[in-house]
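Below are the chains, spelled out letter by letter.
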Amino acid sequence: MSRRVTPALMASALLMAGLVGCSADARRTEGPQAAVEPPPAATPTPQVPAGKAPQRAFAVGVRQLKLKRDGRALPTTLWYPAAGQSGGAAKRSATAADGRFPVVMFSHGLGGRPDDYATLLTRWAAAGFVVAAPTFPHTSRGADNNVLDVLNQPADVSYALDQVLALDDRAGDALRGRLDGERVAAAGHSAGGVTTIGLFTASRDERLDAGVVFAGTALGVGTAFAGAAAPQLFVHGELDEVVEYAAGKAAYDKVPWPKAMLSLPKGDHGRALLSDGATLRVVSDTSVEFLRWSLYGDADAKKRIPTDATRGDIATFDDHL
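Throughout what follows, the structure given in this document is the object of discussion. Quick caveat: nothing in here was measured; it's all calculated off a predicted structure. (Residues numbered from 1 in each chain as written. Predicted model: local features only at pLDDT ≥ 70, side-chain atom pairs only at ≥ 80, totals over all residues. Heavy atoms only, no water.)

A look at helix α5 (residues 245-254)
- Taken together, the buried positions of α5 are occupied by G248, A251 and Y252. An end-on view of α5 places all buried positions within 100 degrees of arc, on one side of the element. (Buried < 20%, exposed > 50% of the residue type's maximum accessible area, 1.4 Å probe, protein only. Helix = DSSP H or I, 4+ residues; strand = E, 2+ residues; numbered from the N terminus. Arc of directions from axis to C-beta.)

Examining the pattern of salt bridges
- For the structure on display, the rule yields 23 salt bridges.
- Notably, a salt bridge pairs R183 with D180, separated by 3.0 Å at the nearest N-O pair.
- Classification of R183 as buried rests on a relative accessible area of 17%.
- Here D268 ties to R271 by a salt bridge, and the two come within 2.6 Å at their closest N and O atoms.
- Via salt bridges that share partners, R69, D70, R72, D149 and D156 belong to a single interconnected network. (Salt bridge = Lys/Arg side-chain N within 4 Å of Asp/Glu carboxyl O.)

Some details on the environment of A82
- Residue position: A82 is located in strand β4 (residues 76-82).
- Between the C-alpha atoms of A82 and D98, which are 16 residues apart in sequence, the distance is 8.1 Å.
- The residues contacting A82, other than those within four sequence positions of it, are F58, A59, V60, G61, A94, T95, A96 and A97. (Contact = heavy atoms within 4.5 Å.)

In structure tokens form, the structure reads like this:
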């Protein structure tokens, strides 16, 4: 995927590469398409059939997939509902729980790794989702932190999704018959938020039914949201020192589908996502109910979202679901 690098793009890359933590200020130019306003939503309502999400908490298993796309190494961590008693740390290669579970593809931020978000992602798995998180070759911790490579990451996520869903039919695999490929979401933080928005805009993956964007922006991927309606949950700290709150809100405002934004008045760029605490509990509970609604079609979960989002004085909630 070629890109013409402009002086503004290079300046942005140099700035963001020098930041500590995760970033998302990548830009690109692709001719007139970059200025096109998003078209009206092709479908006004989500396409996931009505259903009921599991209400029990599952034990969580974890495993690794060694993936590679066109020479790009993409080791991918899977957290999944496991058999046995819930609680405790995720167990490596644990037996999968009975059932068919929606899939959530998660993208880490610049200088991060999937394990940094383990507290949040294991909570999603315990609620009945298979979470797959690639480690990107140029934006993970210890890599060269080439922020321009964020523009290649939507294709990485789509490839990883191909490989994860293939496990459902692989003889002898622990997740055979456990993955529901008709109920899939994408989520990500910071540069991973850019990646996630890109999967619904310039690099639309039509398999995706919903998105969760943490501290993200549309810079580099645009706001031409396309395809069938896919509900979006945005989460952003109002004191974000890396990706300004206004940038995240601007991307959110362009979403033409059912959407909601969880704003954290005292929140920064996302440190609350990396360790347990009151803010993470609000974020995780709100996102779990959002995923239960948008992937399982659980109408009762949708009713619980505003209550979880506004518990205490941690967040405010803009609700257009």
